[in-house]
Amino acid sequence: MILLDTHIWVRWVDPSANPLPSGLAEQIETADRLAVSAVTCWEVAWLVRRGRLAFGLSLADWLDQALAGSDVICLPIDRRIAVRAANLPEHHRDPADRLIIATAIEQRARLISLDSAFPAYFESPGTLIGS
């Protein structure tokens, strides 16, 4: 399974404004299973509310299409993920990003992100894609 960081998911679903590098897009499109963390849906909603993202349809419709329409599953934040996120080293202080990292670790998923702070959390080659 590949877990998509928020900015990756948004850019993959709507590449018109800021397309992903072709190698990343290809890895997403050929993955057996794609997922996002529930906090990613919250981040998208927050960015829309703050005017940093805008879609040509309602947020609810965009989320429906970006999930079901793209065959992406939304992983819940459970107790294990919450505790892991709280106990991660302080390389990254953004709580949403910490939850995404913890989700990847707990789900044993590969994570696609271009966030420069993420590599500090992943030692296994190939676990973090894109940075």
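Up top is the structure.
These lines cover the structure that appears in this document, whether it is placed above or below. One numbering rule holds for all chains: residues counted from 1, following each sequence as written. Where local features are concerned, this predicted model is filtered to residues with pLDDT of at least 70; where side-chain atom pairs are given and counted, the filter is 80 or more; whole-chain, interface and lining totals use all residues. Side-chain figures throughout are based on the complete set of non-hydrogen atoms in the structure, without hydrogens or water.

**Some thoughts on unusual backbone geometry**
A positive phi is found at aspartate 71, a non-glycine position, where the angle reads about 60°. Although it is not a glycine, arginine 108 adopts a positive phi angle of roughly 55°. With respect to the secondary-structure elements, arginine 108 resides in the loop between helix 6 (95-107) and strand 4 (110-112). Numbering goes from the N terminus for both helices and strands, where a helix is a DSSP run of H or I of at least four residues and a strand is a run of E of at least two.

**A few points about the packing of aromatic side chains**
The pairing test for Phe, Tyr and Trp rings, Trp by its six-membered ring, is centres within 6.5 Å, and the orientation test on the planes gives stacked under 30 degrees, edge-to-face over 60, and tilted for anything in between. Scanning the entire structure with this criterion turns up three aromatic pairs. Each ring, one from phenylalanine 55 and one from tryptophan 62, has its centre 4.4 Å from the other, and the planes form 10°; the classification is stacked. Following the ring pairs from residue to residue traces out a cluster consisting of Trp9, Phe55 and Trp62.

**Observations concerning the nonpolar core**
Of all hydrophobic cores here, the largest spans 24 residues; its most connected members are Leu4, Trp9, Trp12, Ile28, Val44, Trp62 and Ile112. Of all elements in the fold, only strand 1 (2-4), helix 1 (6-13), helix 2 (22-29), strand 2 (34-37), helix 3 (38-49) and helix 4 (59-67) reach the threshold of two or more residues within this core. By the convention used here, residues are in contact when the closest approach between their heavy atoms is within 4.5 Å. Setting aside residues up to four positions removed in sequence, isoleucine 28 forms contacts with Leu4, Ile8, Trp12, Leu20, Leu34 and Ile112. What we call a nonpolar core is a set of buried Ala, Val, Leu, Ile, Met, Phe, Trp, Tyr and Cys residues that are connected through their side-chain atoms within 4.5 Å. Relative accessible area decides the class of each residue, using a 1.4 Å probe on protein chains only: under 20% of the type maximum gives buried, over 50% gives exposed, and in between gives partly exposed. Ranked by size, the runner-up nonpolar core spans 19 residues in total, among them Leu75, Ala96, Tyr121 and Phe122.

**As for the layout of surface pockets**
Once rolled over the atoms, a probe with the size of a water molecule shows which space is left empty. Considering only enclosed or pocket space, the largest pocket measures out at about 390 Å³ in volume. Contributing elements (two or more residues each) for the lining of the largest pocket: helix 1, helix 3 and helix 6. Two kinds of site are reported from a 1 Å grid over the protein atoms alone, namely cavities, where a 1.4 Å probe fits but cannot get out, and pockets, open sets with protein on both sides within 12 Å along at least five of seven lines, and residues are called lining when an atom falls within 4 Å of a point. Grid points are joined across faces, edges and corners, and a volume is the space filled by probe spheres set on the points.

**So, helix 2**
Along helix 2, the residues that are buried comprise Leu24, Ala25 and Ile28. Projection of helix 2 onto a plane perpendicular to its axis shows the buried side chains occupying an angular sector of 100°, all on one side. Seen from the buried face of helix 2, the exposed residues on the opposite side, beyond 90 degrees, are Ser22 and Glu26. Where helix 2 is buried, its residues contact strand 1, helix 1, strand 2, strand 4 and strand 5 (128-129). Directions are taken from the helix axis to each C-beta atom, and the arc is the one they span.

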